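Structure at a glance
Listed below, chain by chain, are the residues.
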Amino acid sequence: MTTTLDKPLPAPDSARSLLDTVFRARELSIGGALVLLILCTWLANPGFLDDQGIKDLLLNSSILVLLAVGQSVVVITRNIDLSVGSVTGLTAFACGHFASGTDHSAITVVLLGLGLGVVCGLVSGALVSFGRVPALVVTLGMLYVVQGIDHAWAHGEQINAVNVPDGVLSLGTGSVLGIPYLPLISAAVLAGTAYYLRTYRSGRELYAIGSSPEAARLAGIPVRRRILGAYAFSGAVAGFAGALWLARFGTVVADAANGWELTVVSAVVVGGVAITGGTGAVWGAALGALLLTTIGSALVVLKVDSFWQQAITGVLLLAAITTDRIVQVRTTSALRKRSRR
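The model shown is predicted, which means the values in this text are computed figures rather than measured ones. (Residues numbered from 1 in each chain as written. Predicted model: local features only at pLDDT ≥ 70, side-chain atom pairs only at ≥ 80, totals over all residues. Heavy atoms only, no water.)

Details of the overall build of the protein
Helix and strand counts for the protein stand at 13 helices and 2 strands. The buried share among the 341 residues of the protein stands at 48%. In the protein, 80% of the contacts between residues at least 6 apart in sequence involve partners at least 24 apart. As presented, the protein carries roughly 16400 Å² of accessible surface, and 65% of it is formed by carbon and sulfur atoms. (Helix = DSSP H or I, 4+ residues; strand = E, 2+ residues; numbered from the N terminus. Buried < 20%, exposed > 50% of the residue type's maximum accessible area, 1.4 Å probe, protein only. Contact = heavy atoms within 4.5 Å. Areas by Shrake-Rupley, 256 points an atom, 1.4 Å probe, with all protein chains shown as cover.)

In C-alpha cells form, the structure reads like this:
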C-alpha cells in the first residue's frame, strides 16, 4: 500500500515566474494606493484615523476580506462563485433564527454557518466539476435559489440584536489588546489559506488547473475533485462570514449582503488574481477588499455621494482586467521570441 504525501509542486516555469513577479508588483502598487488614499483622507479629516475610525475601518473590511479569500481560491481554478453574497445572507439569517431567544454558544452558531455554507458550495461545485455546467450559470442560478429560499423563509421577519445571545454578539464586538476579534479572525483565515496554497501540493495544483485544465488532467491531477474542494471552501467561508455578520450587526434581515457578489469579485480581480485563473495570491485579494472598503469609508468622510463608490469600483475592475490581458499577451509574446532563439 502506497501513501501519497501532499507536497508542493516543483518550482514554476519561467512564464509563471514572470507573471508572479508582475502580480506581486501590482500588489505593492495596491498597497501604495491604499496608503496614499488613507493619507489624503486623513489630511482632509484628521478624525479618519482616530482610534474609533481605525477600528471601524478594520471591522468594515473584515467580512469582505473573508469572502475575497474564499472567492480567490475558486477564481484561481478559472471559475467563479457569484453566490457568496446570497449564501452569506442566508446563513446570517439562519444563524440568527437558530440563536434568537436561546443561549447557544458562538461556536455552535459558527458551526451551523459553516455547515450551511459547505452544503451550498458542494452543490455548486458538483454541478461545475462533475456536471460540467459553466460556473457562471451555476452560481448565478444558486444566487437566485438561495435568495428565494431566504425571502420565502423570512417572510419579512427581522432578527433583532436584543434576542441574540451575548456570547454570539461578543464575537463581533469583543477585542484583544484593543484589536477587534473580526480582523484577527480574517487575518488568521487569510494566513492559513495563503500558506496552504503556497506550500501544499494540492494547493499548487489549483494553480495548475487554472493555467490549463487539460494539461492538469493529463498530468494526473484530480481536476474535478480539486474544483469541488475549491467551491466547498468558498461556501464554508461564506457561511462563516454569515455567522460573523450576525455577530457584527446583531440585527439581520433577509437581504443581508445583497449585491456583495460583484464587490467580492472586484476585490479579488483588483487584488491581482487573474480572472482567467492560474495566477494571483489571496494577500492581493485581501488588499483589494481593504482598498474598496477604504474608498467607501473615505467617500463618507468626505461627504461624497455613495454612487461614486460603485463607479470607482467599476473603473478599478475594468483596469484590472485590462492589465491582466496586457500582461498575458506580452508574456506570451516574450516567451515565443525566447523559444525561437
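Once the structure has been displayed, the description carries forward.
Some remarks on the pattern of salt bridges
A side chain with one charge may pair with a side chain of the opposite charge, provided their charged atoms come close. Using the criterion set out here, one finds 1 salt bridge in the structure. Linking Arg 226 and Glu 205 is a salt bridge whose minimum nitrogen-to-oxygen distance equals 2.7 Å. In this pair, Arg 226 sits in helix 10 (residues 223-249) while Glu 205 sits in helix 8 (residues 201-211), placing the two residues 21 residues apart along the sequence. Taking the relative accessible area as the measure of exposure, Glu 205 reaches 7% and is therefore buried. (Salt bridge = Lys/Arg side-chain N within 4 Å of Asp/Glu carboxyl O.)

A look at the packing of helix 2 (residues 51-76) against helix 7 (residues 181-199)
Between helix 2 and helix 7, the shortest axis-to-axis distance is 8 Å and the interhelical angle comes to 20 degrees. Judged on the interaxial angle alone, helix 7 and helix 2 are roughly parallel. Helix 7 is crossed by helix 2, and the crossing has left-handed handedness. On the side of helix 2, the interface is formed by Leu 58, Leu 59, Ser 62, Val 65, Leu 66, Val 69, Val 73 and Ile 76, while helix 7 contributes Leu 182, Pro 183, Ser 186, Val 189, Leu 190, Thr 193 and Leu 197. A breakdown of the residues in the contact of helix 2 with helix 7 according to their chemical character gives 12 nonpolar, 3 polar and no charged. (Axes fitted to C-alpha atoms, helices over the stretch in contact; angles between N-to-C directions. Parallel < 35°, antiparallel > 145°, perpendicular 65-115°, else oblique. Left-handed = near helix turned anticlockwise from the far one by under 90°. Nonpolar A, V, L, I, M, F, W, Y, C, P; charged D, E, K, R; others polar.)

Brief notes about the nonpolar core
Within the largest apolar cluster, 83 residues are counted, with the highest numbers of intra-cluster contacts made by Leu 246 and Val 252. Looking at which element gives the most residues to this core, the answer is helix 10, with 13 residues. Apart from residues lying up to four places away in sequence, Val 252 is in contact with Ala 92, Phe 93, Gln 158, Ile 159, Trp 245 and Leu 246. (Core = buried A, V, L, I, M, F, W, Y, C linked by side-chain atoms within 4.5 Å.)

A few points about the confidence of the model for the protein
Of all residues in the protein, 87% attain a pLDDT of 70 or more, and the chain-wide mean is 85. Below a pLDDT of 50 lies the segment residues 9-15, which in the model reaches 10 contacts outside its immediate sequence neighbourhood of four places, other chains included. (pLDDT = per-residue confidence, 0-100.)

Quick look at helix 3 (residues 84-99)
An ideal rise of 1.5 Å per residue puts 22 Å on 16 residues; helix 3 measures up with 22 Å between its terminal C-alpha atoms. Of all 16 residues that make up helix 3, 14 are buried, and the element is covered over most of its length. Remark: Gly 101 follows helix 3 within two positions and exhibits a positive phi of approximately 75 degrees. (Expected span 1.5 Å × (residues − 1).)

Topic: helix 2
Helix length check: helix 2 (26 residues) gives 36 Å between terminal C-alpha atoms against 38 Å at 1.5 Å per residue, within 8%. Its axis deflected by about 35 degrees at Ser 62, helix 2 carries its strongest bend there. With respect to burial, helix 2 is a largely interior element, 19 of its 26 residues being buried. Note on helix 2: the residue one or two positions beyond its end, Arg 78, has a positive phi of about 70 degrees. (Bend = angle between axes of the 7 residues up to and from the residue.)

Side note on a nonpolar patch on the surface
Judged by side-chain polarity, Leu 39, Trp 42, Leu 43, Leu 49, Ile 54 and Leu 58 come together as a nonpolar surface patch covering roughly 500 Å² of accessible area. Elements that contribute at least two residues to the nonpolar patch include exactly helix 1 (14-44) and helix 2. Among the elements that line the nonpolar patch, the one with the most residues is helix 1, at 3 residues. Counting through the fold element by element, Leu 49 comes out in the loop between helix 1 and helix 2. (Patch = residues over 30% accessible without salt bridge, like charges linked within 9 Å, V, L, I, M, F, W, Y side chains within 5 Å.)

Digging into the environment of Ala 286
Among the structural elements, Ala 286 can be located in helix 12 (residues 282-301). Its relative accessible area of 10% is what places Ala 286 among the buried residues. Measuring from C-alpha to C-alpha, the distance between Ala 286 and Val 65 comes to 5.1 Å, with 221 residues separating the pair along the chain. The residues touching Ala 286, leaving out its near neighbours within four places in the chain, are Val 65 and Leu 190.

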